Structures are given as structure tokens and as C-alpha cells.
Amino acid sequence: MGSQTPLYACHVEAGARIVDFGGWDMPLHYGSQLEEHHAVRKHAGAFDVSHMTVVDLSGAGATEFLRHLLANDVARLKEQGKALYSCMLNSAGGVIDDLITYYLAPDRYRAIVNAATREKDLAWINEQAAMYSVEVAERPELAMIAVQGPEARSLAAPLIGDQWREAALALQPFYALEAGDLFIARTGYTGEDGWEIVLPAAQAPGFWRQCLDAGIRPCGLGARDTLRLEAGMNLYGADMDETISPLEAGLGWTIAWEPKGRDFIGRGPLTEMRSNPGQRKFAGLLLEGKGVLRNHQRVVVDGNDDGEITSGGFSPTMERSIAMARIPAGDYETAQVEVRNRLLDVRVVGMPFVRNGKIRIDL
Amino acid sequence: MSELPGDLVYTKEHEWLRQEEDGSVTIGVTDHAQAALGDLVYVELPEVDQDVERGGEMAVVESVKAASDVYAPIGGTVIQVNEDLADDPEKINADPYGDGWIVRLQPSGDAGDTMDPDAYQAFLDQLDE
């Protein structure tokens, strides 16, 4: 038996199929992953993401520390509540984790990191923090619920206290608000509008039930994965890890190269890789025919088979199979994927595949 | 847990077989199998007239989660495939013992070890423990 979130009993009660995810007993689906996926694209879904790790960073050196720790630059966060997506790199430029950092107030930040990487992340952050005037505090007493979908905010708004509701609804994308016991962020991992709400564990089951009573459908990790794949959002451990740089994972846009003088961890090796024309690129694939692309299948472009699917699956919205892949450098419009000893034709496409309910690729 | 149909026999690979009156055998996957796979999104079927060996790969069922081989529980010649599954693979989820059947074989030998409904239920119960 793994760790359980404060919502575990709710999931079991709702008939969830429980699976292990990074040491946590989590709901895979509550009956139909496909229906949960469609609910988020067309209406609203709720996800228990309490397994994710919340880390608060505060102190006079917090900004300086994060500017060293992260490949993206928190100095870009001028307004309180603004969020920043970034990779945390090792000294070789490999990705230790990807995370979102929220700028809460001068000298105060909240970072939300992955569940499966919790221990190594905390060890790394604490090791790096030793030289800075910063306090690192994990917040295991907090739970987290994501409500996602075009109707998610309007359905969840009545659950927010009167004094905070208006401000919560006024949040722009990628901004967050501290609302008493709640922390409300207009972020997510589905490609749809919505909130991610951090709240005390004791309040989580009540809030979850109210979400469901409001007509928000409970959704498991299965739908979370197909939604993020359609949205072109990377999954740590699949699309990148400590041996892969953000440049080969489609995350070059998250590296803040300017100002040149900022000494972030991994900058040196990354700078060298950046000028290497042979490095692989990250692209979307669309299967032209029937079948399903899967992780680790080989991708062949112009006879070069040094390509690999990092995340593949079936897109419920497109009713086609799609994938993210690392493929040889160059410009290609088509490629082939080896599926059970056969080469299937795929189109190389830009991502996202789907955003805000709309298919972005010509089928 | 749904009731196991009494007129079928089952395998440890979670397939079912129905002996038809004309001597052919219809094969599908069990309710347990479809539940474990999750929503099915693609089924790769064999060709009609194709010979399959007992224990050989006969079809592939792919769900949102994973691809899973369906092995022939009995050797023989494929005489019919459920073509509806090409457009509606979810029929296997909705009705695994009925509209979700996969192939019909004309057997050329005996099936391997199969279980009657009670024995298969006992096998499932033991998996849950």
C-alpha cells in the first residue's frame, strides 16, 4: 500500500480504480477514462492532485536563490501572484524536475513540484539553499484539487468564500491568489481553463464533494494524461529526465538566457548544447492510419532511426493516435514509427494538438 | 462483479470460448479483462482464412492505457472476425460476452486448459487476494 491523499476515501467510495503512481495510491479512473476526458474538454472535471509537493520559499535571499536554482528567471515575475513554469536542472543541464513557481509577495514564493520526484527535489533544493538566506518549507499538510474545463471556474466559484470570489474570478491565466485558507491558481495541466486550488487537508474532502455536487465530474490520472498529451504538455520521467536537457524536450522556451550574467545551475553545458546542430528535436506526431502510438516506440526519419516516442497514446478529442517524440535534427513533415515490427506513417506536427476544446491540427 | 455466462469456458489469459452448434468456436475477452484494460480504442483483427496456432498471437486490443495481445486459446482457421470493432472497439467494454466478441475459429485441435464458470470465478477471486 502506498501513500494516500486526504481524498482517498472519496475515490474508493466513488468506485475508482486505484493504481500506484510514484508511491501514491491514486485514482486511474472512476469508470470511463474517455468520458472523463470529454467532460474536461466540454464541461468540467475535478482532479485530486494532492500527491504533488508544495514547497514554500521565503527570506531575503529567496529571489536570488531561485534565480540560481531555476533555468527560467523569477525576476520576470513583476506582479504578485504571477506564476512561472521552469525546469530545475542539474549541473550537467539535465532536468531534475519541472515545476511552477508562484510569486506570492516580496521574498516569498510557492513552488509546486512533482510527486514522484519529491525526495530528490527536496534534497537538491535544500542542498542548494544552504548558501542563501532562504527558508525552504515543504507543506505536506496541504491538499490540492484541480478543477478544469470551460465550465470549471463558474461551477466552482460558489465554493469560494464571498470575500474572495470576485478576486478569484478576476484572476488572469497563470496568476494565483492567496484567499484565506485557500490558494487559488488559474493554472492546470489539461489545456483548458480552470483553477488549481491548494487547501488544508482537513477541508479537502468537503470541498471535493461540493465540487461533485456542483456538477464537476471526478477525473482520474488516466484522463489527466490524455488531456496533457493533447495539450502538448510534458510529463516528467517520460518526456524528460536527468539525462535530457530542456532543449531536447521542447522546453527551450522556458530557459531565460537573458540577462547573460545570471548564473543558473546547468547554464554552462546548456550553452554548449544550444550551439550543437546535431541535437535532437522534440515534435508532435499524428498517426495517419489506425493503431495506437506508445512510449518508447522507435521513430524513423529519412532512414535515421534515432528517434523515440516519449509519450504516445490515443487522443479522445481527435479520435486518432498522437505522440510526443524526440527525433533527429532537421525539417521533416513525415516520419515512420515502428509498431509491432511494422512501420506506420506519421505526420510531424507542431503542438499543442488541442487547446481550449479546439483541435489545432488539420486531420 | 458481473455474473459469468454459464455457457462459456474461460482461460487464465482472461479469454472466453463458446462452442457453436456448427462446430466453430467464438472467442472474446472477459469482463475482468476489459475492466483491467480500460476504455478500448483500437482492435487489430486477424484475416479471415488465416490459420492460428494455439497460444499464438491472434489479435491485439489497445486501450487508453496499453496494448494487449490476445492469444489463440485453440488452434484453427479464422472464419469470421467482428468487423464492428474497427469502428466501435468500445463494444468490448460495453458487452464483452456479446457484441464485443472478437473472432470465430474453425478449430483444428483441442483447446488448452480451460475453466468452467465456477473455476474461473475461483481463479479471479484468488487474483484479488
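Throughout what follows, the structure given in this document is the object of discussion. Each residue is numbered by its place in its chain's sequence as written, counting from 1. Ligands are numbered from 1 and chains lettered from A, in the order in which they are written. pLDDT decides what is reported in this predicted model: residues at 70 or higher carry local features, side-chain atom pairs at 80 or more are listed and counted, and totals for whole chains, interfaces and linings draw on all residues regardless. Excluding hydrogens and water, the side-chain values take into account all heavy atoms of the structure.

Description of the overall build of chain B
Stage number 1. Only DSSP runs of H or I reaching four residues or more are called helices, and only runs of E reaching two or more are called strands; each is numbered from the N terminus. From N to C terminus, chain B includes four helices and nine strands.
Stage number 2. The N-to-C order of helical and strand elements in chain B reads β-β-β-α-β-β-β-β-β-α-α-β-α.
Stage number 3. Its C-alpha radius of gyration of 14 Å places chain B within 12% of the 14 Å reference for a compact globule of 129 residues.
Stage number 4. Overall, the C-alpha framework of chain B stretches about 40 × 30 × 25 Å when taken along its three principal axes.
Stage number 5. Each residue is placed in one exposure class: buried if its accessible area under a 1.4 Å probe, protein chains only, is under 20% of its type's maximum, exposed if it is over 50%, and partly exposed if it falls in between. Across the 129 residues of chain B, 48% fall into the buried class. Radius of gyration means the value over C-alpha atoms here, while the globule rule gives 2.2 Å times the residue count to the 0.38 power.

A word on helix 4 (residues 117–128) of chain B
Residue and element names in this part refer to chain B.
Stage number 1. Its twelve residues place the ends of helix 4 17 Å apart at the C-alpha level, agreeing with the 16 Å of an ideal helix rising 1.5 Å per residue.
Stage number 2. Within helix 4 the residues assigned to the buried category are Pro 117, Tyr 120, Phe 123 and Leu 124. Along the axis of helix 4, the buried positions cluster into a sector of 120°, meaning they face one direction only.
Stage number 3. Its buried side turned inward, helix 4 meets strand 1 (9–10) and helix 1 (31–37). Take the residue count of a helix, subtract one, and multiply by 1.5 Å to get its expected span. This arc is built from the directions going out from the helix axis to the C-beta atoms. Should any heavy atoms of two residues lie within 4.5 Å, those residues are counted as being in contact.

Focus: the environment of A:Pro328
All names here are of chain A.
Stage number 1. Its location among the elements puts Pro 328 in the loop between strand 17 (320–327) and strand 18 (334–339).
Stage number 2. As a C-alpha pair, Pro 328 and Arg 280 span 48 residues in sequence and 4.6 Å in three-dimensional space.
Stage number 3. In contact with Pro 328, not counting residues within four places along its chain, are Arg 280, Lys 281, Val 301, Asn 304, Asp 306 and Gly 307.

Overview of the pattern of salt bridges
Stage number 1. When a carboxyl oxygen of Asp or Glu is within 4 Å of a side-chain nitrogen of Lys or Arg, the pair counts as a salt bridge. A full pass over the atoms with the stated rule returns 30 salt bridges over all chains.
Stage number 2. Here A:Arg228 makes a salt bridge to A:Asp225, at a shortest N to O gap of 2.9 Å. With A:Arg228 and A:Asp225 both in helix 8 (residues 221–230) and three residues apart, the pair spans about one turn of that helix.
Stage number 3. Here A:Glu288 and A:Arg320 are joined by a salt bridge, their closest N and O atoms 3.6 Å apart. Highlighted residues: A:Glu288 in the loop between strand 14 (281–287) and strand 15 (298–301) and A:Arg320 in strand 17, separated in sequence by 32 residues.
Stage number 4. Here the salt bridges do not stand alone but share partners, grouping A:Arg294, A:Arg340, A:Arg342, B:Glu44 and B:Glu62 into one network.

Some thoughts on the interface of chain B and chain A
Stage number 1. The interface is formed by 15 residues belonging to chain B together with twelve residues belonging to chain A.
Stage number 2. Of the roughly 1300 Å² buried between chain B and chain A, counting both surfaces, carbon and sulfur atoms make up 47%.
Stage number 3. Taken together, chain B and chain A are joined by five salt bridges.
Stage number 4. The term polar contact refers here to a pair of N or O atoms within 3.5 Å; inside protein, the definition further demands a hydrogen-donor-capable atom paired with an acceptor-capable atom, and it admits residues adjacent in sequence only when both atoms are side-chain atoms. On the surface where chain B and chain A come into contact, there are eleven residue pairs in polar contact (both at pLDDT 80 or more).
Stage number 5. Here the residues of the side of chain B that touches chain A are counted per class, giving nine nonpolar, one polar and five charged. Each of two parts loses accessible area, computed with a 1.4 Å probe, when they are put together; buried area is these two losses added. The residue classification treats Ala, Val, Leu, Ile, Met, Phe, Trp, Tyr, Cys and Pro as nonpolar and Asp, Glu, Lys and Arg as charged. All others, Gly included, are polar.

Considering the packing of aromatic side chains
Stage number 1. Between the rings of Phe, Tyr and Trp (Trp by its six-membered ring), a pair exists once the centres lie within 6.5 Å; its type follows the angle of the planes, with under 30 degrees stacked, over 60 edge-to-face, and the other angles tilted. Applying the stated criterion across every chain yields a total of eight aromatic pairs over all chains.
Stage number 2. Aromatic pair A:Tyr102 and A:Phe183: ring centres 5.0 Å apart, planes at 80°, arrangement edge-to-face. Of the two residues, A:Tyr102 is situated in strand 6 (residues 95–105) and A:Phe183 in strand 11 (residues 182–185); the sequence distance between them amounts to 81 residues. Side by side, A:Tyr102 and A:Phe183 carry an identical accessibility label, which is buried.
Stage number 3. A network of ring pairs unites the aromatic residues B:Tyr10, B:Trp16, B:Tyr97, B:Tyr120 and B:Phe123 as a single cluster.
Stage number 4. Positioned above the aromatic ring of A:Phe183, the side-chain terminus of A:Arg110 is 4.8 Å from the ring centre.
Stage number 5. Over the ring of A:Trp257 we find A:Arg274; its NZ or CZ atom is 4.0 Å from the centre of that ring. Note on criteria: charge over ring means Lys NZ or Arg CZ within 6 Å of the ring centre, with the direction from the centre no more than 35 degrees off the ring normal.

Description of the sheet that holds strand 8 (residues 76–81) of chain B
Stage number 1. Strand pairing is defined by DSSP finding a minimum of two bridges between the two strands. Strands sit in the order 1-2-3-9-8-5 (chain B) across an open sheet of six strands; the sheet is antiparallel. Unpaired on one side and paired on the other, strand 1 and strand 5 (51–52) of chain B mark the two borders of the sheet.

Details of the nonpolar core
Residues and elements named next belong to chain A.
Stage number 1. Counting residues in each nonpolar core, the largest one holds 35 residues, and the members touching the most others are Tyr 102 and Met 240.
Stage number 2. Every element with two or more residues in this core is listed here: strand 5 (83–89), strand 6, strand 9 (142–148), strand 11 and helix 8.
Stage number 3. Once you skip the residues sitting within four places of it in the chain, Tyr 102 turns out to touch Gly 81, Lys 82, Ala 83, Arg 108, Tyr 109, Arg 110, Ile 112, Ala 176, Phe 183, Ala 185, Thr 187 and Glu 196.
Stage number 4. In terms of nonpolar packing, the next biggest core, distinct from the first, is built from 29 residues, Ala 152, Ile 197, Leu 199 and Ala 204 among them. Within this scheme, the nonpolar core is defined by two criteria: the residues are buried Ala, Val, Leu, Ile, Met, Phe, Trp, Tyr or Cys, and they are joined through side-chain atoms within 4.5 Å.

A word on the layout of surface pockets
Stage number 1. Buriedness of a pocket was judged along seven lines, with at least five required to meet protein on both sides within 12 Å; pockets are open sets of points on a 1 Å grid over the protein atoms alone, cavities are sets where a 1.4 Å probe fits but cannot get out, and lining residues have an atom within 4 Å of a point. Grid points are joined across faces, edges and corners, and a volume is the space filled by probe spheres set on the points. Quantified by volume, the second largest pocket comes out at close to 450 Å³.
Stage number 2. What lines the second largest pocket is a set of 23 residues, and nearest its centre among them are A:Phe314, A:Glu319, B:Val41, B:Pro89 and B:Glu90.
Stage number 3. Going through the elements one at a time, helix 2 (33–42) and strand 17 of chain A together with strand 4 (40–44) and helix 2 (84–87) of chain B are the ones with two or more residues in the lining of the second largest pocket.
Stage number 4. Of the residues belonging to the lining of the second largest pocket, the class tally is nine nonpolar, six polar and eight charged.

A closer look at unusual backbone geometry
Stage number 1. Along the chain, A:Glu258 connects to A:Pro259 via a cis peptide bond; the corresponding omega equals -5°.
Stage number 2. For A:Pro259, the location among the structural elements is in the loop between helix 8 and helix 9 (267–274).
Stage number 3. Geometrically, the link from A:Met351 to A:Pro352 is a cis peptide bond, its omega value of 5° lying close to zero.
Stage number 4. Within the fold, A:Pro352 resides in the loop between strand 19 (342–349) and strand 20 (354–355).
Stage number 5. With a phi angle near 45°, A:Arg340 is a residue other than glycine that sits in the positive phi range.
Stage number 6. Of note, the phi angle at B:His14 is positive, near 65°, even though the residue is not glycine.
Stage number 7. Within the element layout of this structure, B:His14 appears in the loop between strand 1 and strand 2 (15–19).
Stage number 8. Residue B:His14 is classed as buried on the basis of its relative accessible area of 14%.

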